[in-house]
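The primary structure of each chain is shown beneath.
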Amino acid sequence: MSTLNLEYLGHAGWLIEGDNFRCICDPWFGPSGAFFSQWLPFPTNRDLWDASLLSNLDFIYISHAHEDHLDPWVLEQVDRSTVFVIPEFKDPILRTTLSKMGFTDVRELTRDKTEIFKGVKVKIVEDDGYMDQDSCMLLDTGDHKILNLNDCHLDFGVIEECIGDVDILMLQATSAIWWPCAYDYDDQDLRDKCIQKRHNAVRRAIKYAKTVNAKLTIPNAGPPFFRDRSLHHWNETRRDETNPFILADDAALIMRDEGVEAQALTPGDTITLGETIQTKIDQEKYNLVYTKLTEYVAKYAQQVQDEHPVPSHTTEEHKTMVQKFKKHVSNVCKTSQLYVPQLTFNVLFDFNGVEKVVVNFSEGTITTFSNQTINYEFTLCPDAMCELFKSRYIDFERFFLGTNFKCRRDPDVYNEILFTLLKNFDIKRLLTSEKIYAERKDLLNETYELEYNEQKYEVQRYCPHMLADLKRSGYVNESGHLVCSLHGWEFELKSGKCLTNGSCPLGVKQLKK
């Protein structure tokens with residue numbers, strides 16, 4: 001029987017070795033962190049870095065293009081002939097980035113196009129949406145299967161169809177998003193929404209683990225550590241149920257309570273998969289992180305909070321950036337055929353003392369704020385925006401993930417199209433996203449039959465949020481609401497009204513008995 005050894009490298013990083021086989025997944029060690037230096041791995045993995053990690057590799061797997069997975073600091077030290085295995089996305093940003101760095105052997109795989117490295121079958125299952133792109137990797141030796149789901153939120157039906165049962169599952173069980181932390185909620189609303197976010201993240205992880213019947217589940221790929229002083233509250237309170245960034249050990253405990261065998265690790269811990277599954281944990285390091293959490297967080301913050309600040313820019317540079325923003329918005333309004341017409345409200349971009357710019361995308365207007373009615377408001381760091389507009393690809397998500405901004409919305413309704421546009425603000429990527437959107441929106445016409453309390457309903461099959469298959473991943477809760485278990489969105493079964501976002505109703509029709 002074959003044996004696989006897994007070493008946890010921190011965050012979503014793994015070194016996986018077998019008989020003459022060696023690959024590394026999503027290595028993130030750069031001292032500047034990610035997302036304008038706001039994210040760092042938690043726990044720290046700095047003591048593990050050694051350039052020899054990058055030697056004698058069969059391949060490096062990069063799951064998607066976010067900087068905590070696609071780390072330029074690490075990649076600069078990789079031999080340019082190294083094989084890269086990546087998902088085949090319609091948006092070429094991941095492939096293009098690697099090619100521009102000089103890598104000559106980049107292999108794009110999909111759920112239908114696999115490859116074998118020294119007897120290990122490698123399958124990548126891509127999640128290629130109009131809003132996000134991510135992937136997971138399945139390693140199959142014939143004796144054992146490992147699923148590296150990282151922070152990919154694939155539809156459960158796709159997991160059932162493409163993966164099957166596995167021995168080991170590595171996945172995210174925490175929030176890694178800015179909502180609701182960056183939003184202007186009163187204290188009670190913020191607490192309630194954070195509890196909801198924390199609960200949904202762990203519930204989703206449990207469902208994934210049960211879907212693949214994992215013998216061992218490892219929560220990883222977050223939560224990150226926030227460098228900015230203004231965000232230290234979210235580092236310091238992770239034991240609280242009102243903190244959405246649940247720690248791996250707390251997530252593992254909840255998972256075990258729900259019948260899922262789960263174990264938290266610290267960087268450097270290992271798993272051996274042979275006739276049995278054995279974990280080797282550095283108990284001293286584990287206790288330092290999780291038993292003495294308050295002291296660990298305080299020391300980590302002291303070490304990193306003044307490292308790699310966002311570069312300061314002059315007043316003139318701030319003004320130039322705002323003009324670039326306006327010009328780019330104008331180009332977006334002229335180019336977009338699908339997203340812009342749907343954004344029929346005012347969005348305020350407050351560049352924090354430089355200028356307040358009001359954009360109505362559907363009307364193509366860009367004006368200075370003068371007490372207009374505002375539906376969405378973003379308060380942004382002008383220095384970070386200067387850096388963003390230096391980037392080859394303008395992607396607001398790079399800034400949003402850092403969480404050091406403020407947002408307000410009235411009414412308090414999430415607008416997926418607005419965030420999709422801002423995530424794909426680069427013109428070429430915007431066109432690609434709209435093409436995918438047009439293709440996938442046809443799915444909204446499909447329905448399925450659901451029976452609850454002796455009443456049958458014809459229900460829209462795909463969730464209007466992220467098009468999860470409700471026939472496979474939906475369930476009716478104790479309140480009689482249909483819930484999408486991928487992100488926790490709730491719908492009234494009788495009316496289809498979305499209780500999570502009033503602007504995204506679900507098509508539902510009661511059938512005659």
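## What about the nonpolar core?
Within soluble globular proteins, side chains that are nonpolar generally end up buried alongside one another. In terms of nonpolar packing, the biggest core is built from 109 residues, with Phe-361 and Phe-378 touching the most fellow members. In terms of residues, this core owes the most to one element, helix 4 (residues 187-211), which gives 7 residues. Setting aside residues up to four positions removed in sequence, Phe-361 forms contacts with Val-329, Cys-333, Val-340, Leu-343, Val-347, Phe-349, Leu-418 and Leu-421.

## Here's the deal with the pairing of strand 23 (residues 455-460)
The pairing of strand 22 (residues 447-452) with strand 23 spans 6 bridges and is antiparallel. Opposite Glu-449, over in strand 23, you have Glu-458 as the bridge partner. In textbook terms, the turn of a hairpin is the stretch between consecutive antiparallel strands, and for strand 22 and strand 23 this stretch comprises 2 residues, one of which, Asn-453, has a positive phi near 50°. As defined by bridge partners, strand 23 adjoins strand 27 (residues 508-510) across 3 bridges and the pair is classed as antiparallel. Within strand 27, the position partnered with Val-459 by the bridge is Val-508.

## Points about the environment of Leu-486
Secondary-structure assignment places Leu-486 in the loop between strand 25 (481-484) and strand 26 (490-492). The class for Leu-486 is buried, based on a relative accessible area of 3%. Ignoring sequence-local partners within four residues, the contact set of Leu-486 consists of His-153, Leu-154, Asp-155, Phe-156, Arg-204, Tyr-208 and Ala-468.

## What to know about the sheet that holds strand 22
Sheet architecture is open: 3 strands sit in the order 22-23-27, paired in antiparallel fashion. Every interior strand has two partners, whereas the edge strands, strand 22 and strand 27, have only one. Across the sheet, the mean angle from the axis of one strand to that of its neighbour is 25°, orientation sign disregarded.

## Remarks on the sheet that holds strand 20 (residues 376-379)
Hydrogen bonds between backbone atoms are what pair the strands of a sheet, whose relative direction is either parallel or antiparallel. Taken in spatial order, the 5 strands line up as 19-18-17-20-21 in an open sheet, and their pairing is mixed. For this open sheet the edge positions go to strand 19 (365-368) and strand 21 (406-409), each flanked by a neighbour on one side alone. Strand-to-strand twist in this sheet, taken as the mean axis angle between neighbours without regard to direction, amounts to 15°. Pairing of strand 17 (residues 347-350) with strand 20 involves 4 bridges; the strand directions are parallel.

## A word on empty space enclosed by the protein
A complete count under the given rule lists 3 cavities of 30 Å³ or more for this structure. One number sums up the size of the largest cavity: a volume of about 70 Å³. Forming the walls of the largest cavity are Tyr-8, Phe-42, Pro-43, Pro-219, Asn-220, Gly-222, Pro-223, Ala-248, Leu-265 and Tyr-290. Looking at side-chain class alone, the lining of the largest cavity contains 8 nonpolar, 2 polar and no charged residues. Space inside the second largest cavity adds up to approximately 50 Å³. The residue makeup of the lining of the second largest cavity, split by class, is 5 nonpolar, 3 polar and 1 charged.

## Observations concerning helix 6 (residues 248-257)
Along an α-helix, a turn takes 3.6 residues, which lines up residues three or four apart on a common side. By the burial criterion, the buried members of helix 6 are Ala-248, Asp-249, Asp-250, Ala-251, Ala-252 and Met-255. Where helix 6 is buried, its residues touch strand 12 (168-171), helix 4, strand 13 (216-219) and helix 7 (283-291). Directly beyond the C-terminal end of helix 6, a positive phi value near 90° is found at Gly-259.

So, how was this worked out
Residues numbered from 1 in each chain as written. Predicted model: local features only at pLDDT ≥ 70, side-chain atom pairs only at ≥ 80, totals over all residues. Heavy atoms only, no water. Core = buried A, V, L, I, M, F, W, Y, C linked by side-chain atoms within 4.5 Å. Buried < 20%, exposed > 50% of the residue type's maximum accessible area, 1.4 Å probe, protein only. Helix = DSSP H or I, 4+ residues; strand = E, 2+ residues; numbered from the N terminus. Contact = heavy atoms within 4.5 Å. Pairing = 2+ DSSP bridges. Axes fitted to C-alpha atoms, helices over the stretch in contact; angles between N-to-C directions. 1 Å grid on protein atoms, 1.4 Å probe; cavity = no way out; pocket = protein on both sides within 12 Å on 5 of 7 lines; lining within 4 Å. Points joined across faces, edges and corners; volume = space filled by probe spheres on them. Nonpolar A, V, L, I, M, F, W, Y, C, P; charged D, E, K, R; others polar.

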